[in-house]
Amino acid sequence: MPRVEGRYGLAYTADKPESAARFDDLVGAYLGFGRDIGDRLKAILTDDPEMPLAHVAKGYLFKLFGSAAMSARAAKALADADARFAAVATTDRERLHLEALRAWCADDLDRTTELWERILIDHPKDAFALRLAHFNHFYAGEGRKMRDSVARVLPDWSDADPDIGFVHGMYGFALEEAGDYAAGERYGRMAVERNPKDAWSVHAVAHVMEMQGRHAEGIEWVRGLEPAWSTTNNFRFHLYWHRGLYHLERHEFDEVLKLYDDHVASDIASDMYLDVCNAASMLWRLEMYGVDVGGRWRDLTEVSLRHVDDHELIFVSLHYLMALLKGGEAEAAARMAAQLESFANSAATQGRVSARVGVGTVAAMTALARGDAGTAVDALLPIRYDIWCMGGSHAQRDLFEEMLVSAAVKARPHLARALLAERTASKPASAWSWRQYAAALRAEGRDEAAASADKRAEALLTAV
Ligand SMILES: [Fe+2]
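Residues numbered from 1 in each chain as written. Predicted model: local features only at pLDDT ≥ 70, side-chain atom pairs only at ≥ 80, totals over all residues. Heavy atoms only, no water.

### Describing the environment of Ala-337
Here is step 1: Looking at where Ala-337 falls in the secondary structure, it is placed in helix 19 (residues 330-343).
Here is step 2: A relative accessible area of 17% means that Ala-337 is categorised as buried.
Here is step 3: Through-space distance from the C-alpha of Ala-337 to that of Thr-46 is 42 Å; in sequence the pair is 291 residues apart. (Helix = DSSP H or I, 4+ residues; strand = E, 2+ residues; numbered from the N terminus. Buried < 20%, exposed > 50% of the residue type's maximum accessible area, 1.4 Å probe, protein only.)

### Focus on the domain arrangement of the protein
Here is step 1: Domain parsing of the protein yields domain 1 (1-138), domain 2 (141-230), domain 3 (268-411) and domain 4 (412-462).
Here is step 2: Summarising the inter-unit geometry, the C-alpha centres of domain 3 and domain 4 are found 26 Å apart.
Here is step 3: Taken residue by residue, the interface counts 19 residues in domain 3 and twelve residues in domain 4.
Here is step 4: Between domain 3 and domain 4 lies a buried interface of about 1300 Å² when both sides are counted; carbon and sulfur atoms form 61% of it.
Here is step 5: Between Glu-402 and Arg-423 there is a salt bridge, and its shortest N-O distance comes to 3.5 Å.
Here is step 6: At the junction of domain 3 with domain 4, the criterion picks out six residue pairs in polar contact (both at pLDDT 80 or more).
Here is step 7: Of all the secondary-structure elements, those providing two or more residues to the side of domain 3 that touches domain 4 are helix 21 (373-380) and helix 22 (394-411). (Domains from an automatic or database assignment. Contact = heavy atoms within 4.5 Å. Buried area = accessible area lost by both parts, 1.4 Å probe. Salt bridge = Lys/Arg side-chain N within 4 Å of Asp/Glu carboxyl O. Polar contact = N/O pair within 3.5 Å; in protein donor to acceptor, adjacent residues only side chain to side chain.)

### Focus: the nonpolar core
Here is step 1: Counting residues in hydrophobic clusters, the biggest one holds 166 residues, and the most contacted among them are Phe-23, Leu-286 and Leu-300.
Here is step 2: The element contributing the most residues to this core is helix 16 (residues 273-288), with eleven residues.
Here is step 3: Leave out the neighbours within four places in its chain, and Phe-23 touches Tyr-12, Ile-44, Met-51, Leu-53, Ala-54, Ala-57 and Phe-128. (Core = buried A, V, L, I, M, F, W, Y, C linked by side-chain atoms within 4.5 Å.)

### Topic: the coordination of the iron ion
Here is step 1: Coordination of the iron ion by the protein involves His-203 (NE2), His-207 (NE2), His-238 (NE2) and His-242 (NE2), with metal-donor separations of 2.1 to 2.2 Å.
Here is step 2: The sequence pattern formed by the donor residues of the iron ion is H-x3-H-x30-H-x3-H. Highlighted residues: His-207 in helix 11 (residues 199-211) and His-238 in helix 14 (residues 235-249), separated in sequence by 31 residues. As far as the burial class goes, His-207 and His-238 line up, both buried. (Donors = N, O, S within 2.8 Å, 3.2 Å for Na, K, Ca; no water.)

### Overview of the environment of Pro-17
Here is step 1: Assignment of secondary structure puts Pro-17 in the loop between strand 2 (11-13) and helix 1 (18-31).
Here is step 2: Looking at Pro-17, the relative accessible area reads 58%, which means it is exposed.
Here is step 3: When the C-alpha atoms of Pro-17 and Asp-122 are compared, they prove to be 23 Å apart, with 105 residues separating the residues in sequence.

### Let's talk about the pattern of salt bridges
Here is step 1: Within this structure, the stated rule accounts for 42 salt bridges.
Here is step 2: Across the pair Asp-148 and Arg-147 runs a salt bridge whose closest N-O atoms are separated by 2.9 Å.
Here is step 3: Looking at Asp-148, the relative accessible area reads 30%, which means it is partly exposed.
Here is step 4: Classification of Arg-147 by relative accessible area gives partly exposed; the value is 24%.
Here is step 5: Through salt bridges with shared partners, a single ionic network connects Arg-285, Asp-398, Glu-402, Arg-423 and Lys-427.

### Topic: the packing of helix 24 (residues 431-443) against helix 25 (residues 447-462)
Here is step 1: Direction vectors running N to C along helix 24 and helix 25 enclose 165°, while the axes themselves pass 8 Å from each other. Comparing their axes, helix 25 and helix 24 come out roughly antiparallel. Where helix 24 crosses over helix 25, the handedness of that crossing is left-handed. Here helix 24 contributes Ala-431, Trp-434, Arg-435, Tyr-437, Ala-438, Leu-441 and Arg-442 to the contact with helix 25, which in turn contributes Asp-447, Ala-449, Ala-450, Ala-451, Ala-453, Asp-454, Arg-456, Ala-457, Glu-458, Leu-460 and Leu-461.
Here is step 2: In the contact of helix 24 with helix 25, the residues fall into twelve nonpolar, no polar and six charged. (Axes fitted to C-alpha atoms, helices over the stretch in contact; angles between N-to-C directions. Parallel < 35°, antiparallel > 145°, perpendicular 65-115°, else oblique. Left-handed = near helix turned anticlockwise from the far one by under 90°. Nonpolar A, V, L, I, M, F, W, Y, C, P; charged D, E, K, R; others polar.)

### Thoughts on helix 8 (residues 143-153)
Here is step 1: Among the residues making up helix 8, those that are buried are Gly-143, Met-146, Ser-149, Val-150 and Val-153. On an axial view of helix 8, the arc spanned by its buried residues comes to 130°, and they lie on one face.
Here is step 2: Looking at the buried residues of helix 8, the elements they touch are helix 6 (109-122), helix 7 (127-138) and helix 9 (164-177). (Arc of directions from axis to C-beta.)

### Thoughts on the side chain of Asp-161
Here is step 1: Looking at the secondary structure, you find Asp-161 in the loop between helix 8 and helix 9.
Here is step 2: For Asp-161, the side chain forms a polar contact with the main-chain nitrogen of Ser-158, separated by 2.8 Å.
Here is step 3: In this structure, Asp-161 is in contact with Tyr-8, Lys-125, Asp-156 and Arg-194, ignoring residues within four places of it in sequence.

### Some details on the packing of helix 19 against helix 20 (residues 349-369)
Here is step 1: Packing of helix 19 against helix 20 leaves a shortest axis separation of 8 Å and a crossing angle of 140°. Classified by the interaxial angle, the pair formed by helix 19 and helix 20 is oblique. For the pair helix 19 and helix 20, the crossing hand works out as left-handed. Here Ala-337, Leu-340, Glu-341 and Phe-343 of helix 19 come into contact with helix 20, specifically with Gln-350, Gly-351, Ser-354, Val-359 and Val-362.

### What to know about unusual backbone geometry
Here is step 1: Although it is not a glycine, Phe-33 adopts a positive phi angle of roughly 50°.
Here is step 2: Following the sequence through the fold, Phe-33 ends up in the loop between helix 1 and helix 2 (37-47).
Here is step 3: Judged by relative accessible area, Phe-33 falls into the buried class, the value being 12%.
Here is step 4: One non-glycine residue with positive phi stands out, namely Asp-107, at about 65°.

Below you can see the structure in the form of structure tokens.
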């Protein structure tokens, strides 16, 4: 089978010369959250059915759905890819991609990421490997690895490269997750200037604003660019979720519920895990803030019932579990909890995550659902400094910290006062945290300090 060269000098084994450019365009669509990623891959496989890397890409795209049902389809794509690779001579890069898919299908996420990183040493412009490594570092909670992964390839990219904006945006987001907000914002803004439709880069800057408590600015940033980023696939709902988070901080609950109904949960039936994560965490937060969410858990619960046996990503499974617990599906929730507990004995990467933090978080959420705040505190307190390993962003994982402090306010006032001293120091723009702090101080009889904490909350809310 001939070799054809793509946009960035990457060699592809393919029958048709145009397959290289079409594969590069597929990767570009993936980087930009295009709505036509699946169609693009289908077109390549129709016109060039033996192209080895196209079969690996099919497996990758199935794995990216993060569900047990799609993983089964990825395993079939891996078998097809094996047959194609056995029949023709391929490049080292293509074979490393095949091995990465194999490791991914075997639930060995550490090895999967290592293989992509190995590709990037020799092929720093393999944007598929770069974005997939970014994804896996993200769901391993490894902000520094995510940052360094992009830093290693950046000098090989030039301003003339059409996808350089995506690389800048990835770097911006990774810098933010690694705690460098100024540089993260700089790279994110640079990418958005180049391409305002680049939703991941808009998102990088949104994260910086969230972490720095710049809620009004965040609303303006996300809303101002909405005509551009809302053209993307379901990832756009995550940007509506971010806007909702700013409004939540400002206690603008009607606005949060409107965003929830109009956007965040508008496509729940299509069964995409990120939509469920957005929606479940938003409803759980709203309830912690004392808002009645009515019957909104129901649709989420319906979708979550299909994922009781999923453990592709513990972070995601926990969000399905939230919906099962809140939607009154106690039996399914118990089955899911048992499944995650038994998965904690597995050697799979996420099995170790389940053992380290999954089981404890499940116990805490189950206790909270039955109103047992004390048990929830006992389950979360010992693992709070390990929660990072379940991945997701700082902003997403903050939900578990909020669960801990709000449970402590109910069950352990002294601990709550201590935890909220810590939290108001690290998130001084959080009115909710100041209110919780006031409640904890009041429970200890420290009325003057409580009044002062309440004043901080009021000042933040009236400045809105
Ligand atoms: Fe985010």
